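Given next are the chains, with one letter for each unit.
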Amino acid sequence: MVLPASGRPDGAAAPLTMLCPDFPFPYDAWLRHPAGLGRLPDEVLGTEVAVVGGGIAGLVTAHELLRLGLRPVVYEAGRLGGRMRSAAFEGHPGTVAELGAMRFPPSGTALFHYIDAVGLRTSPFPNPLSAATPTTVIDLGGVSHWADAAGDLPPVYQEVADAWDKTLREQAELWVMDDAIRRRDVRTLKAVWNRLVPRLDDQSFYGFLSAAPAFASFRHREIFGQVGFGTGGWDTDFPNSMLEILRVVYTGADAEQHTIVGGCEQLPLGLWGLEVEKPAHWPAGSSLAQLHPHGPEPAVTALARVGDRIEVTDAGGATRSYRAAVFTGQHRLLRSRVACADALLPAPVWSAIERTHYMSSSKLFVLTDRPFWLDRDEATGRAVMGMTLTDRLPRSVYLFDDGPDRPGVMCLSYTWNDDSQRVVALDPEERLAAVLRALAAIYPGVDIRRHVIAPPIAVSWEDEPWFTGAFKANLPGQYRYQRRLFTHFRQDGLPAQQRGFFLAGDDVSWTGGFAEGAVSTALNAVWGVLHHLGGACDPANPGPGDLFEALAPVELPEG
């Protein structure tokens, strides 16, 4: 909920982290341990491993394989970064629009391990009613409310926040889960979550709300759907599984988010060039960039198995074979743009890939001469504009500034699913015209266009050929599919002809849409490759596969 909820216990001894209740493995601790992630037999050092996709999952995978002494061969269809895409405005290379990932919760400690390794700085993201947002405007049903703090809003908004808090505490054991995650009390965490999964797997977000006594009022549900839970997640999330929402809430993924100063694309590019001090096998100071002097290999067009090796064919027509390969792109591409042999994956995993539901998402950005929205209206004494949540076409407006004498960046619209589909056929200028018409009704005296100093930048991820969607979000009843995808990295039970090909990326993770999920599944794949090639983790620092039986996601009956 956009309003602060009282559900988090005060004075908790430990910070909240994205310790996923489905598989509460401490990836951050595994990364920090002085023993490292593992060791390979000498005879396999230098072995090539294909890594398909140069987003954050692919580059974390490749970086860690390099550290282990393998030779990752990275394939990328476009530019490195994936959905960590920072686009510079025409004529202003120092100012960027974040077209994909743009806000990162500090609870994502595995992701921040790499942010720190690359030496990047972060700053608070200007979410609604946050300390980084001077003014928030909520415009619903043609009525606008201005707020510098939650108490400035009409009482109905606090009623909605209280209803959400009460529902989470009474129907989803929020306080118990919060405490268990903070203390990393796996026994309690698993006991509660394993009870909730069979009860809520078939429940949609909206169904969960409508069945809660605190949300008996349709008006409360309607307002909640318009202003969102946490820092995002509007009624476009209502059809999704309630389990998806609870993972976000439990792990603090919706709280105190930060942005990466200078653009999030610096993280994948930083990993590409990051020199490893003490890699196994390779000289000190080796990096992915050094192993790819001509850049990554081109797009992958076909994947097959020949004997005990995996063949990868690229857009240039070259075919190379590998003992292991990791696919980190959108997995639906394996049934469309990539000719992937059926034999590479078990039939149940193919079913899971084909059933995966993806969210659509569109954004529209403009660059302004200065952060004019901070100007004071002489009649009201307040800022002329604020961070905006609305039921109109834009849905949300985010405002970024680096000081009064620097250009400002406006994310004039950020939408999902049906809201995104409304603009997908429009070019950037057409989107700008439509959004400005909608905003003129909220801010009738503000001429946004006269401050714009560069062409608008827009994206619709469902229209991007190598993505065809923004991120996965399970629908009710899809827990079993997600479990198949996530657990595929443990391949001892598979026939030999299906081993060595691993899936990674946030659509494999339990927390789609968050970079932490992409990182954790990349690390699962690293463990899988390590194990497949005869290596092992140090007993003092067991990996996710070593602890799988103790932490495994609950298995629902298939009959």
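Note that this is a predicted model, so its numbers are computed, not measured.

Draft legend 1. Quick look at the confidence of the model for the protein chain. Averaged over all residues, the pLDDT of the protein chain is 95; the fraction at 70 or higher stands at 98%. The model gives residues 1-12 a pLDDT under 50, and that stretch makes 42 contacts with residues more than four places away or in other chains.

Draft legend 2. View of empty space enclosed by the protein. A full pass over the atoms with the stated rule returns four cavities of 30 Å³ or more. For the largest cavity, the calculated volume is near 190 Å³. Lining the largest cavity are 20 residues; nearest its centre among them are Met18, Cys20, Tyr27, Glu516 and Ser520. Mapped by element, the contributors of at least two residues to the lining of the largest cavity are α1 (27-32), α3 (109-118) and α16 (515-532). With three residues, α16 is the largest single contributor of residues to the lining of the largest cavity.

Draft legend 3. Spotlight on the state of the cysteines. Here the structure, examined in full by the defined rule, presents zero disulfides. The cysteine Cys264 is free of any disulfide, with Cys411 supplying the nearest cysteine sulfur at 13 Å. Here Cys537 stays free of any disulfide, with the sulfur of Cys20 as its closest cysteine sulfur at 20 Å.

Draft legend 4. Region of interest: the packing of helix α4 (residues 155-172) against helix α8 (residues 218-227). Close contact between α4 and α8 brings their axes to 10 Å; oriented N to C, the two are set at 90 degrees. Overall, the two elements α4 and α8 adopt an arrangement that is roughly perpendicular. Here α4 contributes Val156, Tyr157, Glu159, Val160 and Trp164 to the contact with α8, which in turn contributes His220, Ile223, Phe224 and Val227. When the residues that make up the contact of α4 with α8 are grouped by side-chain class, the tally is seven nonpolar, one polar and one charged.

Draft legend 5. Molecular detail of the side chain of Gln482. Topologically, Gln482 is positioned in helix α15 (residues 479-487). One polar contact links Gln482 to Asn474, side chain to side chain, over a distance of 3.1 Å. Among the polar contacts listed, one links the side chain of Gln482 to the backbone oxygen of Asp507, at a separation of 3.3 Å. The residues contacting Gln482, other than those within four sequence positions of it, are Lys472, Asn474, Asp507, Val508, Ser509 and Trp510.

Draft legend 6. Structural view of the sheet that holds strand β2 (residues 71-75). Pairing in this open sheet of four strands is parallel, and the strands run β2-β1-β12-β21 from one edge to the other. If you trace the sheet from one side to the other, it starts and ends with β2 and β21 (501-503), each paired once. For this sheet, the mean inter-axis angle between neighbouring strands, taken without regard to orientation, is 20 degrees. In this structure, strand β12 (residues 325-327) lies alongside β21, joined through three bridges in parallel fashion. When the bridges of β21 are listed, Val326 appears paired with Phe502. The sheet contacts of helix α2 (residues 56-68) involve β1 (48-52), β2 and β12, and relative to β1 the element is tilted by about 165 degrees.

Draft legend 7. Layout of the nonpolar core. Trp164, Phe205, Phe224, Tyr250, Leu267, Leu523 and Val529 are the most contacted members of the largest nonpolar core, which totals 133 residues. For this core, the element with the most residues is α16, which contributes 10 residues. Those residues within four positions of Leu523 in sequence are excluded, and the remaining contacts are Tyr27, Trp30, Leu31, Leu37, Val60, Glu64, Tyr114 and Pro544. Membership of the second largest hydrophobic core comes to 25 residues, among which are Val52, Leu303, Phe327 and Val349.

Draft legend 8. Here's a closer look at the pattern of salt bridges. As enumerated under the stated definition, the model contains 28 salt bridges in all. Notably, a salt bridge pairs Asp139 with Arg392, separated by 2.7 Å at the nearest N-O pair. Here Asp139, found in strand β6 (residues 136-140), pairs with Arg392, found in the loop between β16 (387-390) and β17 (396-401); they are 253 residues apart in sequence, far enough to count as distant. Sharing partners across several salt bridges, the network here consists of Asp22, Glu244, Arg247 and Lys472.

Draft legend 9. Unusual backbone geometry, seen in detail. The backbone of Glu173 sits at a positive phi, close to 50 degrees, despite the residue not being glycine. Structurally, the position occupied by Glu173 is in the loop between α4 and α5 (174-183). For Asn417, which is not glycine, the phi torsion reads 50 degrees and is therefore positive. You can see Asn417 is positioned in helix α13 (residues 417-421). We classify Asn417 as buried; its relative accessible area is 14%.

Draft legend 10. A look at the packing of α5 against helix α6 (residues 186-200). Axis separation between α5 and α6 bottoms out at 8 Å; the angle between their running directions is 145 degrees. Considering how the two elements wind past one another, α5 and α6 form a crossing that is left-handed. Together, Val176, Met177, Ala180 and Ile181 of α5 and Thr188, Leu189, Val192 and Trp193 of α6 make up the contact between the two elements. Its residues assigned to classes, the contact of α5 with α6 comprises seven nonpolar, one polar and no charged.

Draft legend 11. Representation of the pairing of strand β10 (residues 309-314) within the structure. As paired elements, strand β9 (residues 300-306) and β10 share six bridges and run antiparallel to each other. Counterpart to Val306 in the pairing with β10 is Arg309. In sequence, β9 turns back onto β10 through a hairpin of two residues, with Gly307 there showing a positive phi of about 65 degrees. Relative to strand β11 (residues 319-322), β10 runs antiparallel, the two sharing four bridges. Bridge pairing links Glu311 to Ser321 in β11. Between β10 and β11, which follow one another and run antiparallel, lie four residues, and Gly317 among them has a positive phi close to 95 degrees.

Draft legend 12. Just the sheet that holds β10, in detail. Strand order in the open sheet made by the four strands is β11-β10-β9-β13, with mixed pairing throughout. Across the chains shown, the open sheet's two edge strands, defined by having one partner strand only, are β11 and β13 (339-340).

Calculation notes
Residues numbered from 1 in each chain as written. Predicted model: local features only at pLDDT ≥ 70, side-chain atom pairs only at ≥ 80, totals over all residues. Heavy atoms only, no water. pLDDT = per-residue confidence, 0-100. Contact = heavy atoms within 4.5 Å. 1 Å grid on protein atoms, 1.4 Å probe; cavity = no way out; pocket = protein on both sides within 12 Å on 5 of 7 lines; lining within 4 Å. Points joined across faces, edges and corners; volume = space filled by probe spheres on them. Helix = DSSP H or I, 4+ residues; strand = E, 2+ residues; numbered from the N terminus. Disulfide = S-S within 2.5 Å. Axes fitted to C-alpha atoms, helices over the stretch in contact; angles between N-to-C directions. Parallel < 35°, antiparallel > 145°, perpendicular 65-115°, else oblique. Nonpolar A, V, L, I, M, F, W, Y, C, P; charged D, E, K, R; others polar. Polar contact = N/O pair within 3.5 Å; in protein donor to acceptor, adjacent residues only side chain to side chain. Pairing = 2+ DSSP bridges. Core = buried A, V, L, I, M, F, W, Y, C linked by side-chain atoms within 4.5 Å. Buried < 20%, exposed > 50% of the residue type's maximum accessible area, 1.4 Å probe, protein only. Salt bridge = Lys/Arg side-chain N within 4 Å of Asp/Glu carboxyl O. Left-handed = near helix turned anticlockwise from the far one by under 90°.

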